[in-house]
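# Coordinates in review
Chain by chain, the residues run as shown.
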Amino acid sequence: MDRFLALMRHGQSEWNRRNLFTGWSDPGLSEKGIRQARRAGRALKSQNCFFDIAFTSRLARAERTLSLVLEELRQSDIEIRRDPALNERDYGELTGLDKNEARARWGAEQVRLWRRSFDVAPPGGESLENTAARVLPYFRTVILPHLAGEKGRVLIVAHGNSLRALIMDLEQLSAGDVVKRELATGIPILYHLDSDGAVVEKQELVCRPD
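One structure accompanies this document, and this report is about it. Computed from a predicted model, the values in this text were never measured in an experiment.

## With respect to the nonpolar core
Membership of the largest hydrophobic core comes to 31 residues, with the highest contact counts inside it found for Leu 5, Leu 7 and Ile 156. The element that contributes the greatest number of residues to this core is helix H6 (residues 128–148), accounting for eight residues. Of all hydrophobic cores here, the second largest spans 19 residues; its members include Phe 4, Leu 44, Ala 54 and Val 157.

Here it is in structure tokens:
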């Protein structure tokens with residue numbers, strides 16, 4: 001059986017467009033984000049990537065992206081599981097601030113540490129380490145059994161940091177390496193897995209513009 005896992009960051013949100021820290025706030029997709037989601041669905045379809053089950057967060061931008069992808073795949077009727085374990089990291093007091101405004105308030109180096117350190121959390125928020133502590137147990141106990149069973153073709157649409165936590169585990173990256181990993185909005189990453197759940201091949205799909 002061909003087992004594969006597709007990971008995808010949601011399409012551009014309105015707050016991405018405005019350069020705001022989003023975290024657990026719940027803006028919708030921008031028009032560009034809607035286009036990105038549909039292009040991703042078409043890219044998956046062109047690779048004959050069809051799914052048995054899909055997982056997403058409890059945030060609208062990820063749920064809407066998944067819905068649009070599945071529309072393009074003509075798979076809107078598959079099982080979908082939504083769980084806050086896959087939510088974006090909580091940015092605490094940074095939430096809703098323009099990133100340049102945050103740098104002016106706390107300093108560029110401090111904001112860089114909050115954004116790109118593994119274990120340094122912004123005030124009132126989560127670090128990537130904190131995010132991984134809720135994402136990885138959910139992945140291992142809920143999602144991974146599907147990859148080893150009859151529903152071996154899995155799609156996860158989530159967020160930059162919740163997906164970084166998964167990528168760190170799948171690719172066996174160090175804390176220093178994973179924080180450098182940039183994830184573009186609306187680009188699927190496809191992992192082919194062996195029967196033990198180990199990655200045997202990775203492919204980042206090209207989403208061609210209309």
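## A look at unusual backbone geometry
Most of the time, phi is negative for any residue but glycine, and the peptide bond is trans. Backbone geometry at Asn 19 places phi at a positive 65°, although glycine is not the residue there. For Asn 19, the position within the fold is in the loop between helix H1 (14–17) and helix H2 (31–46). In this model, Asn 48 sits at a positive phi of 55°, which is unusual for a non-glycine residue. The residue Asn 48 is located in the loop between H2 and strand S2 (53–56) in this model. Overall, the relative accessible area of 60% leaves Asn 48 in the exposed class.

## Let's talk about the environment of Gly 197
Following the sequence through the fold, Gly 197 ends up in the loop between strand S5 (188–193) and strand S6 (199–204). For the pair Gly 197 and Thr 185, spaced twelve residues apart in sequence, the C-alpha separation works out to 25 Å.

## Remarks on the pairing of S2
Of the two faces of S2, the one carrying Ile 53 and Phe 55 and the one carrying Ala 54 and Thr 56 are both buried. Here four bridges tie S2 to strand S3 (residues 79–82), and the two strands are oriented parallel to one another. Along S3, the bridge assignment pairs Thr 56 with Arg 82. In this fold, the crossover linking S2 to S3 by way of helix H3 (residues 60–73) has right-handed handedness. Of the strand pairs in this sheet, S2 and strand S4 (residues 153–158) are connected by four bridges, and their pairing is parallel. In the sheet register, Ile 53 faces S4, and the bridge partner there is Val 154.

Calculation criteria
Residue positions are counted from 1 within each chain, in the order its sequence is given. Where totals are concerned, whole chains, interfaces and linings use all residues; where local detail is concerned, this predicted model gives features only for residues with pLDDT of at least 70, and gives and counts side-chain atom pairs only at 80 or more. Excluded from the side-chain calculation are hydrogens and water; included are all heavy atoms of the structure. As used in this record, nonpolar core signifies buried Ala, Val, Leu, Ile, Met, Phe, Trp, Tyr and Cys residues forming a set joined through side-chain atoms within 4.5 Å. The buried label applies to any residue whose accessible area, calculated with a 1.4 Å probe on protein chains only, is under 20% of its type's maximum; exposed applies above 50%, and partly exposed to all values in between. Labels follow the DSSP assignment, with helices taken as runs of H or I lasting at least four residues and strands as runs of E lasting at least two, numbered in each case from the N terminus. Two strands make a pair as long as DSSP finds a minimum of two bridges between them. For the handedness criterion, the strands are oriented away from the viewer, and a crossover whose path from the first strand over the helix to the second runs clockwise is classed as right-handed.

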